[in-house]
Amino acid sequence: MYRAIPALAALLVFVSGCPPQGVAPASRREALLRVNENLGRLDQPVQCSALVSFKFVDSEGHARSFLGHEARLLFATPQSLLFDVRSLVGTVAQFGSNDSRYWVWIEPEVKKLWWGEWRRSREEMLDKLPIPPNELLDALMLRPLPESLEGGLLPVLRKVDDDYRLLFVRLGIDRQPSGLREIQLDPRPPYQPLEIVDWLPDGQIAMHALLRDYRRIGPDGPFTPRRYEVYWPRNKAEMRLDILRAVLRPDLPADVFEFPAGWQGATEQIDATAADAAGGSGGGAATQ
């Protein structure tokens, strides 16, 4: 059930109940430290083989789906991602990101590449994509949790019986609450997130992610999920990802996360402005 954002002020100044006993996190700081110390072990690129199913509605209102495809996922901190969806004919879709850009391309039928620059990213722009890259990165839980979201308030740890949740409030440019993120934590080892819900001010859900089956990468690496279910209700999109194998890849070449400048097909720079168009860079997928 949605927790109305105006009621959050009470949570930010008052958290009822005694500190939880045993091994469960006793404070916001302890909960964040446990998650971030675990992910701090991800000090090398990681490569995963997986099975993925996802569906979405394209810009023309057509339902698209990819069911039970093989996938390869490469990740390096802080936000370099290459997520390839494959079929018998090769890669049919890719979600990508590096320090400066993000992109999505889908080959069959759609044959289009969407891209933008992180420095100019805004929620309304990212929502144009079939699956928003910032929310995909958050749902994968491969990056440490921040102390606050986009200049928002420090999170609150709320406990109801065995239900432990970190509550993050986003603030708009007027410094008023503009959204809420709930992260449900496992009160048992390895104490990692089990659910992430992003709420909009009007009570709609922007993203809902379920994370299960945590296992270590290697003998001393971090615990990461092996099963993801992620839903984007506003975009009519969803994804199921089952990680079959995850290994550290210290030898991974850095150029693997380069922007696909040689893309042949339709291109849309989703954060393009009139100035970009005047300068001839509005569709600049072929320019670095």
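The structure under discussion appears in the preceding block.
Residues numbered from 1 in each chain as written. Predicted model: local features only at pLDDT ≥ 70, side-chain atom pairs only at ≥ 80, totals over all residues. Heavy atoms only, no water.

Right, let's get into the nonpolar core. Within the largest apolar cluster, 60 residues are counted, with the highest numbers of intra-cluster contacts made by F54, L73, F83, L166, M239 and L241. With 6 residues, the single largest contributor to this core is strand β1 (residues 46-57). Setting aside chain neighbours within four positions, we find L73 in contact with V46, Q47, C48, L81, L82, F83, L140, L142 and L241. By size, the runner-up hydrophobic cluster in this structure holds 12 residues, among which are L74, L82, F257 and F259. (Core = buried A, V, L, I, M, F, W, Y, C linked by side-chain atoms within 4.5 Å. Buried < 20%, exposed > 50% of the residue type's maximum accessible area, 1.4 Å probe, protein only. Helix = DSSP H or I, 4+ residues; strand = E, 2+ residues; numbered from the N terminus. Contact = heavy atoms within 4.5 Å.)

The next thing to look at is helix α4 (residues 133-140). Where burial is concerned, most of α4 is hidden: 7 out of the 8 residues are buried. Listed in full, the buried residues belonging to α4 are P133, N134, E135, L136, L137, A139 and L140.

Turning our attention to helix α2 (residues 28-39). Helix length check: α2 (12 residues) gives 17 Å between terminal C-alpha atoms against 16 Å at 1.5 Å per residue, within 8%. The set of residues buried in α2 consists of A31, L32, V35, N38 and L39. Projected down its long axis, α2 carries its buried residues within an arc of 140°, all on one side. Counted as exposed and oriented over 90 degrees from the buried face of α2: R29 and E37. The secondary structure elements touched by the buried residues of α2 are β7 (156-160), β8 (163-171), β9 (177-185), β10 (193-199) and β13 (223-224). (Expected span 1.5 Å × (residues − 1). Arc of directions from axis to C-beta.)

Looking now at the pairing of β10. Counting buried positions over the 7 residues of β10 gives 7, a clear majority of the element. Across 6 bridges, β9 lies against β10 in antiparallel orientation. What sits directly across from L185, in β10, is P193. Where β10 lies against strand β11 (residues 205-212), 5 bridges are found, and the strand directions are antiparallel. Looking across to β11, one finds that I196 is bridged to A209. Once β10 ends, the chain turns through 5 residues before running back antiparallel as β11, passing G203 with a positive phi of about 95°. (Pairing = 2+ DSSP bridges.)

Moving on, we come to empty space enclosed by the protein. This model, assessed by the stated rule, comprises 2 cavities of 30 Å³ or more. Counted as a void, the largest cavity has a volume near 60 Å³. The wall of the largest cavity is formed by C48, L73, L140, L142, T224, P225, R226, Y228, I243 and A246. For the lining of the largest cavity, a count of residues per class yields 8 nonpolar, 1 polar and 1 charged. Put simply, the parts of the chain that give the lining of the second largest cavity at least two residues each are β4 (90-97), β5 (101-106) and α4. Ranked by residue count, the leading element in the lining of the second largest cavity is β4, at 3 residues. Along the lines of polarity and charge, the residues of the lining of the second largest cavity split into 6 nonpolar, 2 polar and no charged. (1 Å grid on protein atoms, 1.4 Å probe; cavity = no way out; pocket = protein on both sides within 12 Å on 5 of 7 lines; lining within 4 Å. Points joined across faces, edges and corners; volume = space filled by probe spheres on them. Nonpolar A, V, L, I, M, F, W, Y, C, P; charged D, E, K, R; others polar.)

Our focus in this paragraph is the environment of P78. In this fold, P78 is placed in the loop between β2 (63-76) and β3 (80-87). Spatially, the C-alpha atom of P78 lies 9.9 Å from that of L137, the residues being 59 residues apart in sequence. Each residue touching P78, except ones within four places of it in the same chain, is listed here: D99 and R143.

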